[in-house]
Every structure is written in structure tokens, then in C-alpha cells.
Amino acid sequence: LAGVLFSDRFILRDLIWVETMLNFLSLAYLLILVNYMGHRRTWSLTAGVLAILLVVGGLWGSVNMPARIDANVNKYGWSPGRYFHGVFGANHRRFDDLMRQRYGGQGLPAAWAFKELGAQAYRHAEIKNILGFVFRNLPLDLTRVGAVLPGQPLWKKHPQARITKAPAALSRALLIDPLGLTPEKRGFLDQELIWEHSEYLDKDAPPPARPSLAILPRGDLRVFVFVEPKRLKTLRRVLGPGRGKQQPAIEVFEGGQNLKFQGLEITRYTVLPLSRLGAKYFFVVQPRYPI
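Residues numbered from 1 in each chain as written. Predicted model: local features only at pLDDT ≥ 70, side-chain atom pairs only at ≥ 80, totals over all residues. Heavy atoms only, no water.

Caption draft 1: Layout of helix α8 (residues 232-239). Taken as a whole, α8 has its buried residues at Leu232, Leu235 and Leu239. Along the axis of α8, the buried positions cluster into a sector of 65 degrees, meaning they face one direction only. In α8, those exposed residues whose orientation departs by more than 90 degrees from the buried face are Lys233 and Arg237. Downstream of α8 by a residue or two, Gly240 has a phi angle that is positive, lying close to 105 degrees. (Buried < 20%, exposed > 50% of the residue type's maximum accessible area, 1.4 Å probe, protein only. Helix = DSSP H or I, 4+ residues; strand = E, 2+ residues; numbered from the N terminus. Arc of directions from axis to C-beta.)

Caption draft 2: A look at a nonpolar patch on the surface. A cluster of nonpolar side chains, contributed by Met21, Phe24, Leu25, Tyr29 and Ile32, occupies part of the molecular surface with about 560 Å² of accessible area. Its place among the elements puts Phe24 in helix α2 (residues 12-36). Given a relative accessible area of 58%, Phe24 falls into the exposed group. (Patch = residues over 30% accessible without salt bridge, like charges linked within 9 Å, V, L, I, M, F, W, Y side chains within 5 Å. Areas by Shrake-Rupley, 256 points an atom, 1.4 Å probe, with all protein chains shown as cover. Salt bridge = Lys/Arg side-chain N within 4 Å of Asp/Glu carboxyl O.)

Caption draft 3: The arrangement of the nonpolar core in detail. Among the nonpolar cores identified, the biggest contains 44 residues, and Phe135, Ile250 and Phe283 are the most heavily contacted of them. Mapped onto this core, the elements with two or more residues apiece are α6 (124-134), β3 (174-176), β4 (212-215), β5 (221-227), α8, β6 (246-254), β7 (257-266) and β9 (282-287). Looking at this core element by element, the count peaks at six residues for β5. Contact partners of Ile250, with chain neighbours within four places excluded, come to Val148, Ile163, Lys165, Ala166, Pro167, Leu170, Phe226, Leu259, Lys260, Phe261, Phe282 and Val284. (Core = buried A, V, L, I, M, F, W, Y, C linked by side-chain atoms within 4.5 Å. Contact = heavy atoms within 4.5 Å.)

Caption draft 4: Geometry of the packing of aromatic side chains. One pass over the full model with this rule turns up six aromatic pairs. Through pairs of rings, three or more aromatic residues link up here, namely Trp155, Phe226, Phe261 and Phe282. Seen from the ring of Trp195, Arg268 lies directly overhead, with NZ or CZ sitting 3.6 Å from the centre. (Phe/Tyr/Trp six-rings, centres within 6.5 Å; stacked < 30°, edge-to-face > 60°. Lys NZ or Arg CZ within 6 Å of the ring centre and 35° of its normal.)

Caption draft 5: A look at the pairing of β6. Direction of pairing for strand β2 (residues 162-165) relative to β6: antiparallel, over a ladder of three bridges. Bridge pairing links Ile163 to Val252 in β6. Where β6 folds back on β7, the antiparallel hairpin that results is connected by two residues, among which Gly255 adopts a positive phi of roughly 55 degrees. (Pairing = 2+ DSSP bridges.)

Caption draft 6: The confidence of the model for the protein, seen in detail. Per-residue confidence for the protein gives a mean pLDDT of 82, with 83% of residues at or over 70. Looking across the protein, the model is least confident in helix α1 (residues 2-7), with a mean pLDDT of 60, and most confident in β4, with 96. (pLDDT = per-residue confidence, 0-100.)

Caption draft 7: The arrangement of the pairing of β7 in detail. Where β5 and β7 come together, five bridges link them in antiparallel fashion. Bridge pairing links Val223 to Ile266 in β7. The pairing of β6 with β7 spans seven bridges and is classified as antiparallel. Note that in β7 the partner of Gln246 across the bridge is Leu264.

Caption draft 8: Focus on the pattern of salt bridges. The full count for this structure, using the stated rule, is seven salt bridges. Here Arg186 ties to Glu184 by a salt bridge, and the two come within 2.4 Å at their closest N and O atoms. A relative accessible area of 45% places Arg186 in the partly exposed class. Connected through salt bridges with shared partners, the residues Arg222, Glu265 and Arg288 form a single ionic network.

Caption draft 9: Here's a closer look at the sheet that holds strand β1 (residues 145-147). Strand order in this open sheet of seven strands is β1-β3-β9-β5-β7-β6-β2, and the pairing throughout is antiparallel. One side of each edge strand has no neighbouring strand; the edge strands of this open sheet are β1 and β2. This sheet shows a mean twist of 35 degrees between the axes of neighbouring strands, independent of strand direction. α8 contacts β5, β6 and β7 of the sheet and is inclined by roughly 15 degrees relative to β7. (Axes fitted to C-alpha atoms, helices over the stretch in contact; angles between N-to-C directions.)

Encoded structure:
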């Protein structure tokens, strides 16, 4: 109680962390009191009633607690400005500088929310969900996600490689770097069952003999694989007749060389053998209905 009164701010987002502990300790003390006062019926009954009221009050408060907190953080909790305004001192100032350097310019924080990199960082939870859905057997994390913008890197294994030219239509798309990851032997599906809509109970399939990627597009996403032009012919055979609509190229500078990567759209569940992709490739995921 002293801690709440003297070292904690009397606001919901702070109190919620100590409320559970206080309720638990109060309940424990009341039960000890009931046991200690067992020979005094009135005191024992009073302590028991108080314990029941404490439990009921805690449960009742937890029902509407999310709504109460939402009413307090509708501005502070969802504003990108909290990433750049030094709420705390010391190292937090260095964090501010890093975020400004990486994600925006002088017009922060308002302009930051509308920049491509800022919007991507802001929606990190949604992006993690996309990674798990589309790339079914790759252990991807957010360090493998970038932006399709000039000057941005492509691969963790080749940090010196940078995009020099990219289609403006892909500026809000996600660049996915799978290089160096070992595909897992899970996540493969029966193509006959997945290509058409069905409610079949089990669509799992055994993994292919060769190391491969299981790619599952979604109705609200466009998925592209970008490879060197010499790989296009064999990759089209993997995607199937009439599939793999070609996209504008993305140009890359690496090691003093200008490289070109051509994109093909993946429109249905596809198993991509690594041997058909070449030494360097990447994926691009573009939301069909960007916010």
C-alpha cells in the first residue's frame, strides 16, 4: 500500500501492475485472519465476507478494465510520437536519434507515420502474422523484413547490397529476405486440395525430397519472387502454365556491380525448390488494400 501511495502514479496504466499483487496479499491476509480468529465466530465471519467481496470486486473490475484503459490512451498509446519524444532521459535520447535517422526527417512525428518505413515499423504485429501465413516453412523474423525503396538493403548475408531502382507501386510493399535460412520439413500442403476452395479436414502433405519453400498467398496480398533474369524460364515452369505474371525489375548495386532482379507473381499455393531460385533471390509482399 505504501508503494502505491508514494512510489506509483495514481493512473490506470500504472495501477494495473500493482492491483493484482495488492488483491492477492489482502486475500491471503484475510484468510490467515480467518484461521487465526477461528474461535471467534463474528470476527471469522467478517473476515470471510471481506475476502469474498475482495474476490468479487477484483473480478468485476477486470471486466471493464480494458475499456477504461482504452479511454485513457486513445491519444498517447497510439501516437507514433512516443517513439521520438524523450519521455525518459539517458539512453532514451540515443534511441530517439536512432529512430529519427532510420525512419524519418525533421517533420517528426506527424510526417513519420506516413513514411513507408515508419508505417512498416508501426504495423510490426501485422507483419509477423503475414510472415507466418505466407512463408509456411521458413523461420522468419522482423530482421528479415525490409522496404522496396532506393537505398535500402536486401539481405542480411550481403549488407553492402542496396536497391538503386524500384517500381513506385511497390513502395509500401514488404521485402522479405530468406537467404541463409534452412527450410523446415513442415507446412507443405496437398496442391489438389488447396488450389480450389474446400473445407477438407486435413490438407497436409509430406515434404518434397529436395529442399523447398512452401508459399501460400492470401486473398488480400500479392506475393512476388524476384530472381536473376536467367532463372525466369525454369521458374515459370514451376509456377505452372499461365502463371507468373512478370513484374518491373528491381535494380541492385553490390560489389561494384549493377544487378537486375525480375519479379514473378505467385498467385496460388506453390512449392519452390531452392535449386530453381539461384544463389540470390528475395520475395516482395504487397497488400492489395493498403490503409
